[in-house]
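Residue strings, one per chain:
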Amino acid sequence: MNDFEYRLAATTTEAQQQFSSSRRSSYVAGGTNLIDLLKYNLADADLLVDINQTQATSIEELAGGGVRISALMTNADTAYHPLIEKRYPLLSKAILAGASAQIRNMATNGGNLLQRTRCYYFYDAASPCNKRNPGSGCPALTGQNRMMAILGASGHCIAVFPSDMCVALAALEAVILTNGPAGERMVKFGDFHRLPGEHPELDNILQPGEIITAIELPGEGFAANYSYLKIRDRSSYAFALVSVATAFELENGIIKKARIALGGVAHKPWRVNEAEGNLIGKAVNKDTLGAAADMILKGAIGLEHNSFKIELAKRAIIRNGLTALKPELQLPGAQPADTSML
Amino acid sequence: MKEMNTTIGKPVSRLEGFEKVTGAAKYAADHHVPGLLYGYVVNSTITKGRITKIYTREVSALPGIIEILTHENRMPTAWFDIQYADMDAPSGTVFKPLHDDKIRYNGQPIALVIAESYEQARLGAAKLRVEYDEDTQHATELKGNLERARPPKPGMAFLLKPPPPKPTGDFEKAYEEAAFRAKGEYGHSAEFHNPMELFASTVLYEGKGKLAIYSKTQGTINDQTFVANVFGLKYKNVKVIAPYVGGAFGSGLRPQYQLYLAVMAALQLQRHVRVVLDRSQMFTFGHRPQTLMQMRISADGDGKVTGLNHEGYGETSAYEDYSEILVKWAPMLYPAANTLLKYNLVPLDVATPLDMRAPGGSTAFHAIECTMDQLAYQLNMDPLGLRIKNYSEADPLENKPFTSKELKACYLQGAAKFGWYGRKPEPRSMRRGNKLVGYGMATGMWDAMQMPARVEAKITPDGKLHIKSAITDIGTGTFTVMTQIAAEQFGMAMEDVIFDYGNSKLPFAPIQGGSFSTSTVGVGVVNASKALKKMLLKLAKKVSAEFKNAEVGTVTFVGGEIIYNGHALSFIKLVAANGDKPIHTKNMGYPHALKLRKYAMATHSAAFVEVEVDEDLGVATVTRALTAVAAGRIINPKTARSQILGGMVWGISKALREEALLDPAIGKYVNQNLAEYHLPVHADIKGLDVIFVEEQDQLINELGTKGVGEIGVVAITPAIANAVYHATGKRINDLPIHFDKLL
Ligand SMILES: Cc1cc2nc3c(=O)[nH]c(=O)nc-3n(C[C@H](O)[C@H](O)[C@H](O)COP(=O)(O)OP(=O)(O)OC[C@H]3O[C@@H](n4cnc5c(N)ncnc54)[C@H](O)[C@@H]3O)c2cc1C
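Residues numbered from 1 in each chain as written. Chains lettered and ligands numbered in written order. Predicted model: local features only at pLDDT ≥ 70, side-chain atom pairs only at ≥ 80, totals over all residues. Heavy atoms only, no water.

Time to look at the overall build of chain B. A tally of helices and strands in chain B yields 17 helices and 35 strands. The C-alpha atoms of chain B give 27 Å as radius of gyration, which agrees with the globular expectation for 743 residues (27 Å, within 12%). Across its three principal axes, chain B shows a C-alpha extent of roughly 80 × 75 × 50 Å. By the burial criterion, 64% of the 743 residues in chain B qualify as buried. Of all intrachain contacts in chain B linking residues separated by at least 6 positions in sequence, the fraction that spans at least 24 positions is 81%. Carbon and sulfur atoms make up 53% of the accessible area of chain B, which amounts to about 26700 Å² in all. With 83 positive and 77 negative side-chain charges, chain B shows a spacing of 5 Å between the two charge centroids. (Helix = DSSP H or I, 4+ residues; strand = E, 2+ residues; numbered from the N terminus. Rg over C-alpha atoms; globule rule 2.2 N^0.38 Å. Buried < 20%, exposed > 50% of the residue type's maximum accessible area, 1.4 Å probe, protein only. Contact = heavy atoms within 4.5 Å. Areas by Shrake-Rupley, 256 points an atom, 1.4 Å probe, with all protein chains shown as cover. Lys, Arg positive; Asp, Glu negative; His and termini not counted. Charge placed at Lys NZ, Arg CZ, Asp CG, Glu CD.)

Structure follows, in structure tokens:
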């Protein structure tokens, strides 16, 4: 870890000015990801601009029925906020399935969107990695790839994006508000994170110096029928090998709207509109969910140690779809619920 | 007259608990002195080859950097290999950090950057550029290199870890002709030591050739002699202090490289130096070896075992032969006329493996008890019934009686409390909602050993009893338990007993391992107490005529007094009569080796486990588990229970969680952090229960104790694997059993 200068910015504009004063500057919010990366010599900065005080951290109700969540609010405050618990419980559950209580108390919403992959090789400064060091190679392709992507990967990078919160945000069709050198932007959630392609070093479309200011959620929160399921190598405090956020709008048991997003399988939360559209007008059962799962996983490619994810994801989509019929069946830590009585 | 106050057998809370939970306890890295320098280790990023150049100049120019130690500028150390051998060294040549330019394994320490602050040292270490001549023809994976297998080389280590017993009968024939046969291949990857406290040494330079060292260790005297031998110092000039050790589990049985490097830096710079390893560096030294085993068991039509074949392959390094007595256990547990036991090592380009909680035993019983389980299904017998059918009161292989063996009580009491008999025999026959439910059980064994140790006992003018031993307390409760034993000898309150420990200046104690510390130091305490009582009696006779006819057998010691015929004399008076000079004695405790040669000695356990396995998703959870233990006399049921609970959590980890992921192309474990090396968290641990069955052992030693540090981990892993089979009908013999193996 380098010595670095630390500055506390009072406003977004001030933060951006400070940011541009060095070529090796970085914003810091909760610091739960960035500081680790600095300590492991995976990131390098000579100036940290603390943006925690650039805005009040709150959730505002919007005219159209949606909400605007501050990017600097902590994950914990967001998950336990009455508005989120009541109207967007899917988001609440997804956040609480991630990390640990201590980390969620520090981690911010903006930081969560920008956390980097947990790929073993990315995390080892001595290892080649196209994401960390473009052009150096990707040992994960033929190495230990249990946690790696089965969808949307490229020959340059098979890392997955590790966030739980973002899987729910993808399903809820959030919009990201940013403020950058080129002014303010609103970015649809599905457009925010990138697939690795030829440039795995770019996780998302955020430009240097650009700040995420808020996350907006549309009015539809799917509070009646939703579920988050996370499958991992221990019951808590581990990243997802597969996770699923599912939300339905139902009328007399028939699907009017469906959202299914997968985590832990790709370089971004994975949604397939066609699969969701195909569910409309149908009942929620093993067959309809299974058909949706097949569409979502079309083109999935398994490697030596991760092909189990394909079958696992299918089964997880089915289980979580059933759970969404009775969200109260969900278990702490987004562990698999018992839906046998449905 | 005071009341007799028995302390042995009471669930006394840890005496140092308050210091530990409030942070007042100072561990090896917590000792601050003015002028302290900080060393940070640089590790090799290649697996095999040579260092061709280390660019120290750029790093030396960074702020705060004092020195960079490498093989090129280090001080000379001892000439002969034997001088590097510690108390736990296997046969071979001990690895010497910074000795030469040769890289023997990935993560090998190759330089120490020393700076004014920890952060400066860490930055310097990160910036140090090293060039290598890399040999890409390395081998690190056990399974892919079995053609290298060979028996362990003989050496001193054979004393404690003898080669497997010779074959008996004709196993192949027995197996061929048997009515029932079961076999399996079992394996696990390396397991890495991750006690909560990181490895650290704070070395105080106290003048020429004189060092006081706060170190994380399981043996203060082991470290002291190692440092003195390697660096040519006088024993009396090296003091190793370790009153608090934040868990060790075998990792501190050998001096680790942070000690070596910190001492070298302190001597070379003549300054105080601290070196702390970081969490990922915990993956760069000894570990439980990768192991592969084949197990075959044959039985006759009644379920009597007729043949046992256990063959094991263990990983070792290219420079030392670390071996585990993997295959000795099955014939100690089950009588069989035909046995075939083989054990081989596979030398690889890795760090030498190291003892880890129940080394060998926890690995072996996985194979033994899962194969027995399989046999039970073939015989259509209750797995517990099969164990009882093959129960042996004596050690069948050597035909020696056990000093005590209450394993049957473990089976019966454990089964009753667990509710074993509610189990439906067929696999996949029990369920709860969409979860399959399985019950599994297994047996465990571990050695009941004792080593020699010296203990000092002393009464001071305030009438208090002081007991001294160099032994550490690695979190097991040794401090508390020794205080209890000493208090019991004199019928004193524990508050009046001061146990002084964790310092190499104190009377000799061996390394704290093998579950032998309670018996080893405890017997020392008993013997020193006996001798001290004699001295007190002698003085009493001088002081008071009432004691003229008193004998050792007719006096009692209660509450700081010696009592005879209704007359009491306080220790305070006795010391006063001694001219206020403390009354003290040093004595040895040693095993009754001659007598015990005729006996087998072991602790036993039986574990019972319930698992739930999600039918579609394969996620397995240990919903409840019980271990019944027969370990002789339990000095402190509270600290002993903690030992078993910790072992059970470890067993759950082995069975379902932790997995070191090796990338053989690089020769490195890639998940070297606790985010990805998945040790269990609270949510993984549900109801755990422990029973200590009554086991009286008049033979084993003066205390009747056998030790409980390791037995808790042995049976639980196979019990889980067996429960998973019962739940799912799938035998998963490769640990850990992750959900994808059950999809
Ligand atoms: C051991 C461990 C386990 C974890 N487990 C999980 C898990 O299971 N699931 C999960 O989802 N997450 C998990 N996390 C990740 C955690 O959620 C993230 O570390 C956290 O959300 C990051 O937020 P932060 O505010 O601390 O970000 P920081 O570390 O402060 O910043 C991260 C990055 O985002 C940038 N940044 C931050 N805020 C903004 C902003 N508003 N605008 C522009 N740039 C910004 C910073 O410059 C930096 O590059 C885990 C983390 C750890 C350490």
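There is more to say after this.
Glancing now at the nonpolar core. In this structure, Leu375, Phe608, Val609, Val611 and Ile720 of chain B are the most contacted members of the largest nonpolar core, which totals 93 residues. The biggest single contributor to this core is helix α8 (residues 361-379) of chain B, with nine residues. The residues contacting Phe608 of chain B, other than those within four sequence positions of it, are Leu384, Cys410, Tyr411, Gly414, Ala415, Phe418, Trp420, Gly440, Met441, Arg624, Ala625 and Leu626 of chain B. If you look at the next biggest cluster of nonpolar residues, it comprises 54 residues, including Leu262, Ala292, Ala313 and Ala316 of chain A. (Core = buried A, V, L, I, M, F, W, Y, C linked by side-chain atoms within 4.5 Å.)

Take the pairing of strand β30 (residues 602-614) of chain B next. All names here are of chain B. The buried count for β30 comes to 13 of 13 residues, which makes it a mostly enclosed element. By the alternation rule, side chains of β30 split into Ala602, His604, Ala606, Phe608, Glu610, Glu612 and Asp614 and Thr603, Ser605, Ala607, Val609, Val611 and Val613, which are all buried. Sheet topology places strand β22 (residues 435-447) next to β30; 13 bridges connect them, and they run antiparallel. Within the sheet, the bridge partner assigned to Lys435 lies in β30 and is Asp614. Bridge analysis of β30 against strand β31 (residues 620-630) gives 10 bridges, and the strand direction is antiparallel. Considered in β31, the bridge of Val611 is made with Val622. Following β30, the chain reverses through five residues before pairing antiparallel with β31; Gly618 in that reversal takes a positive phi of roughly 75°. (Pairing = 2+ DSSP bridges.)

Bringing the site of the ligand into the picture now. Residue and element names in this part refer to chain A. In the region of the ligand, 33 residues are neighbours, and Tyr27, Gly31, Thr32, Thr108 and Asp164 sit closest. Taking Ala99, its main chain carries an N or O atom lying 2.9 Å from an oxygen atom of the ligand. Interatomic distance of 3.3 Å between a side-chain N/O atom of Gln115 and a nitrogen atom of the ligand. In the complex, the protein chains occlude 93% of the 980 Å² of accessible area that the ligand would expose alone. Those elements that place two or more of their residues in the shell around the ligand are β2 (25-28), α2 (34-39), α7 (109-114) and β8 (211-217). Of the residues contributing to the shell around the ligand, the split by class is 15 nonpolar, 13 polar and five charged. (Near = heavy atom within 4 Å. Polar contact = N/O pair within 3.5 Å; in protein donor to acceptor, adjacent residues only side chain to side chain. Nonpolar A, V, L, I, M, F, W, Y, C, P; charged D, E, K, R; others polar.)

Bringing the packing of aromatic side chains into the picture now. All names here are of chain B. This model, assessed by the stated rule, comprises 34 aromatic pairs over all chains. Aromatic pair Phe226 and Tyr260: ring centres 6.2 Å apart, planes at 50°, arrangement tilted. Within this pair, whereas Phe226 is found in helix α5 (residues 220-231), its partner Tyr260 is found in helix α6 (residues 257-269), the two being separated by 34 residues in sequence. Here Phe226 matches Tyr260 in class, with each residue buried. Their ring planes at 70° and their centres at 6.3 Å tell us that Tyr391 and Tyr411 sit as a pair that is edge-to-face. Placement of Tyr391 in the loop between α9 (383-389) and β19 (394-395) and of Tyr411 in helix α10 (residues 407-418) is noted, with a sequence separation of 20 residues between them. Accessibility expressed as a relative area gives 0% for Tyr411, which makes it buried. (Phe/Tyr/Trp six-rings, centres within 6.5 Å; stacked < 30°, edge-to-face > 60°.)

This brings us to the side chain of Gln144 of chain A. Within the secondary structure, Gln144 of chain A is located in the loop between α7 and α8 (165-171). Here Leu662 of chain B takes part through its backbone oxygen, which lies 2.7 Å from a polar atom of the side chain of Gln144 of chain A. Leave out the neighbours within four places in its chain, and Gln144 of chain A touches Tyr120, Tyr121 and His305 of chain A together with Leu661, Leu662, Asp663 and Val670 of chain B.

Summarizing the sequence annotation, UniProt attributes the feature "domain: FAD-binding PCMH-type" (unreviewed entry) to residues 1-222 of chain A in the numbering used throughout. Each end of residues 1-222 of chain A is marked by a C-alpha atom, and these two atoms are 44 Å apart; helix forms 25% of the span and strand 17%. (UniProt positions renumbered as here; feature names shortened; annotations may be inferred.)

This part is about the UniProt feature "domain: Aldehyde oxidase/xanthine dehydrogenase a/b hammerhead" (unreviewed entry) in chain B. In the numbering used here, UniProt assigns the "domain: Aldehyde oxidase/xanthine dehydrogenase a/b hammerhead" (unreviewed entry) feature to residues 22-136 of chain B. When the span residues 22-136 of chain B is considered, its composition is 14% helix and 31% strand, and the gap between its end C-alpha atoms is 50 Å.

Turning to the sheet that holds strand β3 (residues 47-50) of chain A, a few remarks are in order. Residues and elements named next belong to chain A. With parallel pairing, the three strands of this open sheet are ordered in space as β1-β3-β2. Here the strands that pair on one side only, and so sit at the sheet edges, are β1 (5-8) and β2. If you compare each strand with its neighbour and ignore which way they point, the axes differ by 25° on average. Examined bridge by bridge, β1 and β3 share four bridges and lie parallel to one another. When the sheet's bridge partners are listed, Glu5 is paired in β3 with Leu47. Helix α1 (residues 12-19) contacts β1, β2 and β3 of the sheet and is inclined by roughly 150° relative to β2. (Axes fitted to C-alpha atoms, helices over the stretch in contact; angles between N-to-C directions.)

A word on the interface of chain A and chain B. Think of interface size as the accessible area that goes away when the parts come together; that is how it is often given. Listed by partner, the interface residues are 35 residues for chain A and 37 residues for chain B. Both faces considered, chain A and chain B share a buried interface measuring about 3100 Å² in area, 56% of it formed by carbon and sulfur atoms. When the buried area of chain A at its contact with chain B is split by residue, Asp233, Arg234 and Arg315 of chain A rank highest and sum to 20% of it. Our count for the contact surface shared by chain A and chain B stands at four salt bridges. Among the ionic pairs, Asp616 of chain B bridges to Arg319 of chain A, the shortest N-O distance being 2.8 Å. For the pair chain A and chain B, the number of links is 14 residue pairs in polar contact (both at pLDDT 80 or more). (Buried area = accessible area lost by both parts, 1.4 Å probe. Salt bridge = Lys/Arg side-chain N within 4 Å of Asp/Glu carboxyl O.)

Right, let's talk about the domain arrangement of chain A for a bit. For chain A, the assigned domains are domain 1 (1-54) and domain 2 (227-328). Computed from C-alpha atoms alone, the centre-to-centre distance between domain 1 of chain A and domain 2 of chain A is 37 Å. (Domains from an automatic or database assignment.)

The subject of this paragraph is the pairing of β3 of chain A. All names here are of chain A. Here β3 shows a buried face lined by Leu47 and Val49 and a second buried face lined by Leu48 and Asp50. One ladder, built from four bridges, connects β2 with β3; its direction is parallel. Of the residues in β3, the one forming a bridge with Val28 is Asp50. A crossover links β2 with its parallel partner β3, the connecting element being α2, and its sense is right-handed. (Right-handed = clockwise from strand over helix to strand, strands pointing away.)

All right, on to the pattern of salt bridges then. Side chains that differ in sign of charge can pair as their charged atoms come close. Following the criterion strictly, the structure yields 58 salt bridges over all chains and no others. Between Glu172 of chain B and Arg296 of chain B there is a salt bridge, with its nearest N and O atoms 2.7 Å apart. Here Glu172 of chain B, found in helix α4 (residues 171-177), pairs with Arg296 of chain B, found in strand β15 (residues 291-299); they are 124 residues apart in sequence, far enough to count as distant. Residue classification places Glu172 of chain B among the partly exposed residues on the basis of a relative accessible area of 39%. Its relative accessible area of 17% is what places Arg296 of chain B among the buried residues. Across the salt bridge formed by Glu398 of chain B and Lys400 of chain B, the nearest N and O atoms sit 3.4 Å from each other. What you see here is one network of salt bridges that share partners, running through Glu220, Glu249, Glu251, Lys256 and Lys257 of chain A.

Among the surface-exposed residues, Lys208, Lys210, Lys234, Lys236 and Lys505 of chain B lie close enough to one another that they form a single positively charged patch. Residue classification places Lys236 of chain B among the exposed residues on the basis of a relative accessible area of 60%. (Patch = residues over 30% accessible without salt bridge, like charges linked within 9 Å, V, L, I, M, F, W, Y side chains within 5 Å.)

In this structure, Thr45 of chain B sits in the loop between β1 (37-43) and β2 (49-55). Thr45 of chain B sits 64 residues away from Pro109 of chain B along the chain, and the two C-alpha atoms are 9.7 Å apart. Not counting residues within four places of it along the chain, the set of residues in contact with Thr45 of chain B comprises Ala126 of chain A together with Asn106 and Tyr132 of chain B.

Residue and element names in this part refer to chain B. Here α10 is 12 residues long and its end C-alpha atoms lie 16 Å apart, about the 16 Å a rise of 1.5 Å per residue gives. Within α10, the full set of buried residues consists of Leu407, Ala409, Cys410, Tyr411, Gly414, Ala415 and Phe418. Buried residues along α10 sit in contact with α7 (330-333), α9, β22, β30, β31 and β34 (687-692). One or two steps after α10, the chain reaches Gly419, where phi turns positive at roughly 85°. (Expected span 1.5 Å × (residues − 1).)

Turning to the domain arrangement of chain B, a few remarks are in order. Residue and element names in this part refer to chain B. Per the domain assignment, the segments of chain B are domain 1 (31-136 + 198-248 + 252-283), domain 2 (145-191 + 287-449 + 597-742) and domain 3 (450-590). For domain 1 versus domain 3, the distance between C-alpha centres works out to 39 Å. Facing 21 residues of domain 1, the contacting portion of domain 3 comprises 18 residues. Taken over both partners, the interface formed by domain 1 and domain 3 buries close to 1400 Å², and the fraction arising from carbon and sulfur atoms is 58%. Run the count over domain 1 and domain 3 and you get zero salt bridges. Put simply, the parts of the chain that give the side of domain 1 that touches domain 3 at least two residues each are α5 and β12 (238-241). Within the side of domain 1 that touches domain 3, the residues separate by chemical class into 11 nonpolar, seven polar and three charged.

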